[in-house]
Structure formats: structure tokens, C-alpha cells
Amino acid sequence: MADGVQSWRYGLQARERSTVERALAILGSRMREPGYALTSPDAAGDYIALHIGADPCERFAVLYLDGQNSVIAFECHFTGTLTQASVYPREIVQTAMRHNAAAVVLAHNHPSGSLSPSAADKALTQAFKQTLALVDVRVLDHIIVGGRGSFSFANNGLL
């Protein structure tokens, strides 16, 4: 993950950043253990929030999952401005194929703290759903993190 001026970790002391990075590495390795599956949007939202929830600029990331919804990888693909990030589905499709992913959870943060999806967020989700379906990759959810919570498209009937 980024540790530069665009990261919320930038404001932490070196020792604190090191502790956060170790904790995220432990969580990430546990999530990739055989048999560990994401069982709820809340669990995915909590994990994603730890990575990008407090960043001061918008970031778009993806959790790549296998056929049993076990985590293969988490990657932050795009970083934007305070209010938007340019996102390119082609790169997500390429990465999903490289990981041999069966499903994905899309994610981005809202630095404003608002959890309400915009019209652009909804349109982007549908575009990803259609595009990834062409290569047999399911979009299980799109999670927005910000403030002190998360918003799940799946939980709110938007998928």
C-alpha cells in the first residue's frame, strides 16, 4: 500500500505506520489461508476500510476471490482526487485473469465521509458487472468506505 503523502498513514509516526502495516499484513495472510472465505459484506467492508477508508483522496481497489470466495489478492488500482478517480475496467479484467479469479468485490473510498453512492458509482458498478461477466468473473459487491462505516451495493439491492 502507498505510504506517501497521499496515504492516511503519512500522518502517523514511523513506529505507528510500521504497526499498522504489520497488522494489515497479518490480516491479509489470514484471509488467504485455505478455507477462509468472506462471509459477509461487513467483513469485506471492515478489511477494505482498514486499507483505504481514511485516505484523503479517492482510491479504487478490488478484492479478488476464488470459486469459494476465499481471498486471492487485494489490490488498489487507481488513485484520484478528493472527489473522483478515473477507473479503467480493462485493467481490472486483466488482473482478474492473471489471478484466475472467479469473483471480485469492487471497492472505493469517499474522502468526504459520505457513504451514499453517486450515479457514477452505480453506472460504473453495472459496467463492471457486464464486462467481467464476459470472462466469467462475478461481481459480488461494490463497497464504499468512508467516515466510520461502509455501504454495500449487494446489501442495498443495487447489484
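Residues numbered from 1 in each chain as written. Predicted model: local features only at pLDDT ≥ 70, side-chain atom pairs only at ≥ 80, totals over all residues. Heavy atoms only, no water.

A. Spotlight on the packing of helix α3 (residues 89-99) against helix α4 (residues 119-133). Running from N to C, α3 and α4 point in directions that differ by 45°, and their axes come no closer than 10 Å. Between α3 and α4, the crossing angle belongs to the class labelled oblique. Taken as a pair, α3 and α4 cross one another with a handedness that is right-handed. Contact residues: P89, I92, V93 and A96 in α3; F128, T131 and L132 in α4. Split into classes, the residues belonging to the contact of α3 with α4 amount to six nonpolar, one polar and no charged. (Axes fitted to C-alpha atoms, helices over the stretch in contact; angles between N-to-C directions. Helix = DSSP H or I, 4+ residues; strand = E, 2+ residues; numbered from the N terminus. Parallel < 35°, antiparallel > 145°, perpendicular 65-115°, else oblique. Left-handed = near helix turned anticlockwise from the far one by under 90°. Contact = heavy atoms within 4.5 Å. Nonpolar A, V, L, I, M, F, W, Y, C, P; charged D, E, K, R; others polar.)

B. Spatial organisation of the sheet that holds strand β5 (residues 149-152). The sheet built from five strands is open, its strands ordered β2-β1-β3-β4-β5 with mixed pairing. Bordering the open sheet on either side are β2 (71-79) and β5, each of which pairs with just one other strand. Mean inter-strand twist for the sheet, computed between neighbouring axes without regard to direction, equals 20°. α4 rests against β1 (59-65), β3 (103-109) and β4 (138-146) of the sheet, and its axis sits at about 155° to β4. (Pairing = 2+ DSSP bridges.)

C. Quick look at the state of the cysteines. All chains considered together, the criterion is met by zero disulfides. In this structure C57 is not part of a disulfide, and its nearest cysteine sulfur, from C76, lies 8.3 Å away. Judged by relative accessible area, C76 falls into the partly exposed class, the value being 26%. (Disulfide = S-S within 2.5 Å. Buried < 20%, exposed > 50% of the residue type's maximum accessible area, 1.4 Å probe, protein only.)

D. Highlighting the environment of F78. By the secondary structure assignment, F78 is in strand β2. Note: C-alpha distance between F78 and F60 (18 residues apart in sequence) is 5.1 Å. Beyond its immediate sequence surroundings of up to four residues, F78 is in contact with E58, R59, F60, S86, V87, Y88, E91 and I92.

E. Representation of the pairing of β5 within the structure. With four bridges joining them, β4 and β5 adopt antiparallel strand pairing. Opposite I143, over in β5, you have S152 as the bridge partner.

F. Spotlight on the packing of aromatic side chains. Tallying each qualifying case throughout the model produces five aromatic pairs. Taken together, a centroid distance of 5.6 Å and an interplanar angle of 15° make the contact between F60 and F128 stacked. Note that F60 is positioned in strand β1 and F128 in helix α4, a separation of 68 residues in sequence. By the burial criterion, F60 is buried, and F128 matches it. With 5.7 Å between their ring centres and 70° between their planes, F78 and Y88 make a pair best called edge-to-face. Separated by 10 residues along the polypeptide, F78 in strand β2 and Y88 in the loop between β2 and α3 bring together distant segments of the chain. When its relative accessible area of 7% is taken as the criterion, F78 is described as buried. Classification of Y88 as partly exposed rests on a relative accessible area of 47%. Put simply, the rings of F60, F78, Y88 and F128 pair up and form one aromatic cluster. (Phe/Tyr/Trp six-rings, centres within 6.5 Å; stacked < 30°, edge-to-face > 60°.)

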